[in-house]
Amino acid sequence: MRIVELFSSKQGEGLWTGTESVFVRVGGCPLRCRFCDTPYASRDLVEGEDLAVEEIVGRVLLSSRRHVVITGGEPMIYAEIIPLTEQLETLGHVITVETAGILELPVRCHLMSISPKLSNSTPVGKPEVLVRRHELNRNRPEIVQKLIKTYPYQLKFVIDTPHDIEEMEAYLSQFAGILPERVLLMPQGVTPQEMLDREAWITSYCLQKGYVYCPRMQIIWYGNQRGT
Ligand code: SF4
């Protein structure tokens, strides 16, 4: 499978923020989100190297981290993620899979981190073929339903404007029994200031509803850099 980068860092987003982890970032994603913070991993396999599962496991072992975050790009486009997660679990690793919830495979996973894409992700201004592909693929509630039934989960939404909160609520109303403490609202932004600009009204809404405010801490800790 195509690996764009493999590095050790702290998890910067979500319920396991601050956890020392090794990150395996795959290349390739059917979506082209307007705000994608890893564009080098979402284009059509232009970066990285093709590695066998055994090679990836070997490099993870060198990191000496117990937590492994398989991210992208979109990890669920690779069938190899099945043996990869099986081998990592057998070795005692704790596995997070970060996905847009547009595809699913029977992986081993201790935290399924699902980031459904709202209409604010549409890559306005990009070639029409990319916009159409994005819109055809981004909304797959039946896949998200299966993932949240099968795995411990968190649902992360990128929030840019107050309108996005209304759309998120309409989206969530399709599912029964979503735990509010598993719903994470992430301010849109690739700089600390952009996130700060949205912090007050998003945190206020989270307090009302029991949701979790979820800034991208890696941007605050390291800036918007690769390998973090
Ligand atoms: S789903 Fe994730 S990796 Fe793919 S384009 Fe959107 S933000 Fe980027």
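Residues numbered from 1 in each chain as written. Predicted model: local features only at pLDDT ≥ 70, side-chain atom pairs only at ≥ 80, totals over all residues. Heavy atoms only, no water.

Asker: Before we go on, may I ask you to explain helix H2 (residues 53-63) in this structure?
Answerer: Count 3.6 residues to each turn of an α-helix, and residues three or four apart come out pointing the same way. Val 53, Ile 56, Val 57, Val 60 and Ser 63 are the residues of H2 that are buried. Along the axis of H2, the buried residues cluster in a sector spanning 110°; they form a single face. Facing away from the buried side of H2 by more than 90 degrees, the exposed set consists of Glu 54 and Leu 62. Buried positions along H2 lie against strand S1 (2-10), strand S2 (20-26), strand S4 (67-71) and helix H3 (81-90). Ser 64 lies just past H2 and shows a positive phi near 60°. (Buried < 20%, exposed > 50% of the residue type's maximum accessible area, 1.4 Å probe, protein only. Helix = DSSP H or I, 4+ residues; strand = E, 2+ residues; numbered from the N terminus. Arc of directions from axis to C-beta. Contact = heavy atoms within 4.5 Å.)

Asker: How should the sheet that holds strand S6 (residues 111-114) be read in this particular structure?
Answerer: In any sheet, the strands associate via hydrogen bonds between backbone groups, in a parallel or an antiparallel arrangement. Pairing in this open sheet of nine strands is mixed, and the strands run S3-S1-S2-S4-S5-S6-S7-S8-S9 from one edge to the other. The open sheet has two edge strands with one neighbour each: strand S3 (49-50) and strand S9 (212-213). By the bridge criterion, five bridges tie strand S7 (residues 153-159) to strand S8 (residues 183-187) in an arrangement that is parallel. Residue pairing for S8: Phe 157 is matched across the bridge by Leu 185. Lying over the sheet, H3 contacts S4 and strand S5 (94-99), oriented at roughly 170° with respect to S4. Packing of helix H6 (residues 162-172) onto the sheet brings it into contact with S7 and S8, and relative to S7 it is tilted by some 150°. (Pairing = 2+ DSSP bridges. Axes fitted to C-alpha atoms, helices over the stretch in contact; angles between N-to-C directions.)

Asker: Explanation requested: the packing of aromatic side chains in the structure shown.
Answerer: Any two aromatic rings considered together are summarised by their centre-to-centre distance and by the angle between their planes. Tallied over the entire structure, the rule returns five aromatic pairs. An angle of 75° between the planes, with centres 5.8 Å apart, marks the rings of Phe 157 and Tyr 171 as edge-to-face. Taken together, the positions of Phe 157 in strand S7 and Tyr 171 in helix H6 put the pair 14 residues apart, joining distant regions of the chain. Summarising the burial analysis for this pair, Phe 157 and Tyr 171 share the class buried. An aromatic cluster is defined as three or more aromatic residues linked by ring pairs; in this entry it consists of Phe 157, Tyr 171 and Phe 175. (Phe/Tyr/Trp six-rings, centres within 6.5 Å; stacked < 30°, edge-to-face > 60°.)

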